[in-house]
Amino acid sequence: MPDGQRQRAPSSGPLDGIRVLDLTSVVLGPLATQVLADLGADVIKIEGPEGDMMRANGVSQHAGMSSIYLALNRNKRSVVLDLKNEEGVAALRHLIAQADVLVHNMRVAAIERLGFGYEAVAALNPRLVYCMATGFGQDGPYKDKPAFDDIIQAGSGLVSLNTNGGNRPEYVPSLIADKTTGLVLTNAVLAALLHRERRGMGQCVEVPMLETMASFVLAEHMGGMTFEGSTESAGYARLLHGGRRPLQTRDGWICALPYTDRHWRAFFHAVGRDDIGDDCRVADKSQRNANIRKLYQRLAELILERTTAEWMDLFEQLDIPATPIHALGDLPEHPHLKAVGLFQETHHPTEGPLREIRPPMRFSATPLSLRRHAPSLGEHTHEVLLEAGFTREEMTRVVATTATAVD
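Described in the following lines is the structure provided in the data block. Remember, it's a predicted structure, so these values are computed and weren't measured experimentally. (Residues numbered from 1 in each chain as written. Predicted model: local features only at pLDDT ≥ 70, side-chain atom pairs only at ≥ 80, totals over all residues. Heavy atoms only, no water.)

### Here's the deal with the sheet that holds strand β4 (residues 101–104)
Here is step 1 of the chain: If you walk across this open sheet you meet the 6 strands as β3-β2-β1-β4-β5-β6, and the pairing is parallel. The two strands at the open ends of the sheet, each matched to only one other strand, are β3 (76–80) and β6 (203–208). Within this sheet the neighbouring strands show an average axis-to-axis angle of 20 degrees, counted without direction.
Here is step 2 of the chain: Here strand β2 (residues 42–47) pairs with β3 via 5 bridges, running parallel. Looking at the pairing, Ile44 lines up with Arg77 of β3.
Here is step 3 of the chain: The sheet contacts of helix α3 (residues 86–97) involve β1 (19–23), β2 and β4, and relative to β1 the element is tilted by about 145 degrees. (Pairing = 2+ DSSP bridges. Helix = DSSP H or I, 4+ residues; strand = E, 2+ residues; numbered from the N terminus. Axes fitted to C-alpha atoms, helices over the stretch in contact; angles between N-to-C directions. Contact = heavy atoms within 4.5 Å.)

### Some details on the side chain of Glu351
Here is step 1 of the chain: Tracing the backbone through its elements, the reader meets Glu351 in the loop between β10 (343–348) and β11 (352–357).
Here is step 2 of the chain: Here Glu351 sits buried without a salt bridge, and the closest side chain of opposite charge, Arg55, lies 8.2 Å off (N-O distance).
Here is step 3 of the chain: Separated by 3.1 Å, the side chains of Glu351 and His62 make a polar contact.
Here is step 4 of the chain: Glu351 has contacts with Gln61, His62, Met65 and Leu70, leaving out every residue within four places of it along the chain. (Buried < 20%, exposed > 50% of the residue type's maximum accessible area, 1.4 Å probe, protein only. Lys, Arg positive; Asp, Glu negative; His and termini not counted. Salt bridge = Lys/Arg side-chain N within 4 Å of Asp/Glu carboxyl O. Polar contact = N/O pair within 3.5 Å; in protein donor to acceptor, adjacent residues only side chain to side chain.)

### Points about the pairing of β10
Note on strand geometry: in a regular strand, side chains alternate between the two faces of the sheet.
Here is step 1 of the chain: Relative to β11, β10 runs antiparallel, the two being bridged by 6 bridges. Note that in β11 the partner of Phe343 across the bridge is Ile357.
Here is step 2 of the chain: Linking β10 back to β11 in an antiparallel pair, the connection comprises 3 residues.

### What about α3?
Here is step 1 of the chain: For α3, with 12 residues, the first-to-last C-alpha span of 17 Å sits near the 16 Å given by 1.5 Å per residue.
Here is step 2 of the chain: For α3, the set of buried residues is Gly88, Val89, Ala91, Leu92, Leu95 and Ile96. Looking straight down α3, one finds its buried side chains confined to an arc of 160 degrees; they lie on one side.
Here is step 3 of the chain: Buried residues along α3 sit against β1, β2, β4, α5 (118–124), α17 (381–387) and α18 (392–400).
Here is step 4 of the chain: N-capping of α3 is provided by Asn85, with a side-chain oxygen placed 3.0 Å from the backbone N of Glu87. (Expected span 1.5 Å × (residues − 1). Arc of directions from axis to C-beta.)

### Some remarks on a nonpolar patch on the surface
Here is step 1 of the chain: On the surface, a cluster of nonpolar side chains totalling about 290 Å² of accessible area is made up of Leu161, Tyr236, Leu239 and Leu240.
Here is step 2 of the chain: Here Leu240 is to be found in helix α10 (residues 237–241). (Patch = residues over 30% accessible without salt bridge, like charges linked within 9 Å, V, L, I, M, F, W, Y side chains within 5 Å. Areas by Shrake-Rupley, 256 points an atom, 1.4 Å probe, with all protein chains shown as cover.)

### Considerations on unusual backbone geometry
Most peptide bonds take the trans configuration, and most residues that are not glycine carry a negative phi.
Here is step 1 of the chain: Of note in this structure, Arg281 is not a glycine but carries a positive phi near 55 degrees.
Here is step 2 of the chain: Here Arg281 is to be found in the loop between α12 (274–279) and α13 (285–290).
Here is step 3 of the chain: Taking relative accessible area as the criterion, Arg281 reaches 42% and is therefore assigned partly exposed.
Here is step 4 of the chain: A positive phi is found at Asp319, a non-glycine position, where the angle reads about 60 degrees.
Here is step 5 of the chain: Locating Asp319 in the fold gives a position in the loop between α15 (308–318) and β9 (322–324).
Here is step 6 of the chain: In this structure Asp319 comes out as exposed when scored by relative accessible area, which is 56%.

Right under this line is the structure:
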């Protein structure tokens, strides 16, 4: 037993008692492991001496504690191990033997060179759920290629969809491939844990970015590719050519979505333009879809005639889905998000007062919380190694071989 074991932070989340070794960096992996941490798992973030590269990206008050890093690493503990020396390698092997889950997003060849490929790790802990996020599936010709969010957006067809009504393709201004794959990774870990609970066996799980995003993009865009011999093209025409756009009001922008027959009839009647509804055949879904571009154009022309507030009042009365367009900086004051307390004021020991986003899920029996701040580099190295059974002398040797400076 360790000679200085410390009590772990209290957790009542549904994954309380599950220990996750997080060997991920950037966005995809840290988002996935943060969800596991939010759900109550004890997530131990294993970092090299230089730290996760996202510690330097975004807005920072102090080196190594950027806004992006803070947003992706709450509820975790940070341990610094230098896997280029034997002390660090031996320490990680020791931690693996006691873990339930290991998650990494290194290239497979690189982690195998370090001695932590699946076969080697399974020999240390057969019950371990070993989950790797890869750029491309390891049974395909791209298996060794590097992958980042932009590459996957482009390769999955997403960029070709995003042309802003013109011919120039654009990236989505969000790390959507990283984040989508991260959420799928979380689900994969939970499923593998359930399998272990039922069968007592760990396993290797791979979540490749390209395959994940291609399936995500094509969910509504398979179109004619679905049917053998079809002459129809891929893509959901209503989204690609239907004319849905943010709508400009007299004083701003709004999103409004009359959707059903009743919505359209009620809208045109309320604005005194039943003639447009008749002209665009809104009472019949098939005929309405045939006139959809013309219909959305007429809608856009009408929306210009009133203010955002006036339209919001009317759409509320008609029970038509609508919202003003909210800027990022306005979201903390969004009336719904403010009422449900999505943004919470916390205090970080090095960064001072912070605004953080609480876990969005709600559990009646196992509530979630912001129980740990995002850790500074190596903040919990001593604590975790002592808990794992290292003597102080052994721990000192591990720490002595690790430089903890952040560039």
